[in-house]
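Topology and contacts: notes
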Amino acid sequence: MTGIKLAVIGYGGMGSYHVETILKNETAIEVVGIYDILTDRKEAAAEKGWYCFSDLEELLADEAVEAVLIATPNDSHKDLAVTALRAGKHVVCEKPVTLNVAELDEILSVAEETGNIFMVHQNRRWDPDFLIIRELYKKQQIGELFQIESRVHGGNGIPGDWRHLKKHGGGMVLDWGVHLFDQLLWLIDSPIKACYSDLSYILGDEVDDGFMVHLIFENGVRALIEVGTTNYVNLPRWYVKGTAGTAKIEDWDLSGEVIRATGKEQQTPKPIQAGVGLTKTMAPPSKEATEALTMPEVLETFPSFYQNFYEVVRQGAEPIVKNEEVRYVLELIESILSKGEQSSVDNCQEKLLRDIDAAEMKRETSKALV
Ligand code: NAD
């Protein structure tokens, strides 16, 4: 098999990770060169032995380059993708695909017009922890999952430079949110009925440093998606409840527990001491009422992202990450960001101040009447 000849645009954290880690053993792709606007990043690539294009024009004019990977800050994806597609290249684009749906639509119409492939690197569909939850959801080892909590917590604030700035598409909704929403919307084949979001601005940046989003799907499933960058103690990566059990995955190391109800009659629980009181409700279930299952082992049933990209380009296969799915996730993100939780907090404060003013006025008036 001759791999697709791919050039990388942006040799920062993720661009270098693609070529040095993800693509290391990937026969579907042959990396032919790198382009970065910064000289020191070009030098870093050259030190690793990569050919460096002097500018974008040289890269796009090179007929040997069949495809490009865009791994630059989020606000540059749209223009780079459109230019590359128009230059006759297939495009793999890092997440979040663009800052809004209008930008994505522009790319998709150019892809359609030129007939070139455009695919977004939503790599966390391949995460083993997510695949375990997918297995539990589909195979129902703990019954039907009706509550899914998906979290990532860190204590280092927002990393880097451009991720702090709105104009570059910074903030955690666009950075991590896009992964977690993509996983859930791919998993749950039911439209979103309601969404409540609460964005946090604890660090004082102009973009969100974390969020909590509650989604209710038409099939009744509830999901809580949470990202935090000011958490020094982490909650589990996943906590899910099914009609016959509960599962928890602590971290990407896949440690955790899967507990299933045996269906054997539960003995009346004995009250336990809880704080300064007694409780039967919160006592652990009797031994015979539950059993611990081993964490499901997930065997990959679909090709890697780049293998799939190869099959889409060369053999007309179906993409695993479909552009309409990417668009749906972006619609959700756009709606979350446009609600501008900060302004709704401000509105609450304004309302509170108005209420206080009104109460103050009432008091003044009644004083005057006395
Ligand atoms: P980064 O700041 O580390 O690297 C970006 C690189 O792009 C820099 O070297 C910069 O000089 C270069 N660059 C900027 N504008 C350019 C342009 N117009 N042309 C060529 N090069 C340009 O950022 P990063 O963390 O590598 O993030 C890059 C992209 O990858 C973002 O979209 C981010 O969301 C995504 N990403 C994805 C994952 C994932 O798991 N899929 C993980 C991290 C980052």
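So, about the overall build of the protein. The helix and strand tally for the protein stands at 10 helices and 15 strands. Its C-alpha atoms put the protein at 80 × 70 × 40 Å along the principal axes. When each of the 370 residues of the protein is scored for burial, the buried share is 45%. Sequence separation of at least 24 residues holds for 69% of the intrachain contacts in the protein that already meet a minimum separation of 6.

Let's shift gears to the site of the ligand. Around the ligand, a shell composed of 24 residues is seen, among which Met14, Asp36, Asn74, Lys95 and Trp162 lie nearest. Between the ligand and Ile37, the relevant distance is 3.4 Å, taken from a nitrogen atom to a main-chain nitrogen or oxygen of the residue. Within the side chain of Arg163, an N or O atom sits 3.1 Å from an oxygen atom of the ligand. Alone, the ligand offers 840 Å² of accessible surface; in the complex the protein occludes 82% of this. Of the residues that constitute the shell around the ligand, the class distribution is 10 nonpolar, 9 polar and 5 charged. Counting contributing residues, the shell around the ligand receives three or more from each of domain 1 (4-121) and domain 2 (123-254 + 324-370).

This part is about helix α7 (residues 172-187). Taking 1.5 Å of rise per residue, 16 residues should cover 22 Å, and α7 covers 21 Å from first to last C-alpha, within 8% of that figure. At Val178, α7 shows its maximal bend, which comes to roughly 40 degrees. Along α7, 15 of the 16 residues are buried, which leaves the element largely enclosed by surrounding structure.

So, about the pairing of strand β1 (residues 4-9). In terms of burial, β1 is a largely internal element, 5 of the 6 residues being buried. Where β1 lies against strand β2 (residues 29-35), 6 bridges are found, and the strand directions are parallel. Within the sheet, the bridge partner assigned to Lys5 lies in β2 and is Glu30. Sheet topology places β1 next to strand β3 (residues 67-70); 4 bridges connect them, and they run parallel. From the neighbouring strand, Leu6 faces β3, where its bridge partner is Ala67.

Residue Pro96 follows Lys95 across a cis peptide bond; omega there is -15 degrees. For Pro96, the location among the structural elements is in the loop between β4 (90-94) and α5 (101-114). Phi angles above zero are rare outside glycine, and Gln140 is one such case at about 60 degrees. At Leu254, a position not held by glycine, the phi torsion is positive, near 70 degrees. Summarising the element assignment, Leu254 is placed in the loop between β11 (245-249) and β12 (256-261). Owing to a relative accessible area of 28%, Leu254 belongs among the partly exposed residues under this scheme.

Attention now moves to the environment of Gly277. Here Gly277 lies in strand β14 (residues 277-279). As a C-alpha pair, Gly277 and Pro319 span 42 residues in sequence and 57 Å in three-dimensional space.

Generally speaking, nonpolar side chains in soluble globular proteins are found buried as a group. Formed by 96 residues in total, the largest nonpolar core has its most connected members in Phe118, Ile148 and Phe181. In terms of residue count, α7 provides more of this core than any other element does, 10 residues in total. Three or more residues apiece are contributed to this core by two domains, here domain 1 (4-121) and domain 2 (123-254 + 324-370).

Let us look at the sheet that holds β11. Sheet architecture is open: 8 strands sit in the order β7-β8-β9-β6-β10-β11-β12-β15, paired in mixed fashion. Each edge of the open sheet carries a strand with a single partner, namely β7 (192-200) and β15 (290-293). Between one strand and the next, the sheet's axes are offset by a mean angle of 10 degrees, whatever the strand orientation. Both β12 and β15 contribute to a ladder of 4 bridges, which runs antiparallel. Across the sheet, residue Arg260 finds its bridge partner in β15, namely Glu291.

With that out of the way, let us pick up the domain arrangement of the protein. Splitting the protein by domain gives domain 1 (4-121) and domain 2 (123-254 + 324-370). Domain 1 puts 15 residues into the contact, and the matching count from domain 2 is 14 residues. Together domain 1 and domain 2 conceal approximately 1400 Å² of surface at their shared face, both sides included; 64% is due to carbon and sulfur atoms. Three residues stand out in domain 1 for area buried against domain 2, namely Lys95, Leu99 and Val101, and they jointly supply 35% of the buried area on that side. Where domain 1 touches domain 2, the interface holds 2 salt bridges. At the boundary of domain 1 with domain 2, the tally comes to 6 residue pairs in polar contact (both at pLDDT 80 or more). Each residue belonging to the side of domain 1 that touches domain 2 can be placed in one class, and the counts come to 8 nonpolar, 4 polar and 3 charged.

Criteria and cut-off values
Residues numbered from 1 in each chain as written. Predicted model: local features only at pLDDT ≥ 70, side-chain atom pairs only at ≥ 80, totals over all residues. Heavy atoms only, no water. Helix = DSSP H or I, 4+ residues; strand = E, 2+ residues; numbered from the N terminus. Buried < 20%, exposed > 50% of the residue type's maximum accessible area, 1.4 Å probe, protein only. Contact = heavy atoms within 4.5 Å. Near = heavy atom within 4 Å. Polar contact = N/O pair within 3.5 Å; in protein donor to acceptor, adjacent residues only side chain to side chain. Areas by Shrake-Rupley, 256 points an atom, 1.4 Å probe, with all protein chains shown as cover. Nonpolar A, V, L, I, M, F, W, Y, C, P; charged D, E, K, R; others polar. Domains from an automatic or database assignment. Expected span 1.5 Å × (residues − 1). Bend = angle between axes of the 7 residues up to and from the residue. Pairing = 2+ DSSP bridges. Core = buried A, V, L, I, M, F, W, Y, C linked by side-chain atoms within 4.5 Å. Axes fitted to C-alpha atoms, helices over the stretch in contact; angles between N-to-C directions. Buried area = accessible area lost by both parts, 1.4 Å probe. Salt bridge = Lys/Arg side-chain N within 4 Å of Asp/Glu carboxyl O.

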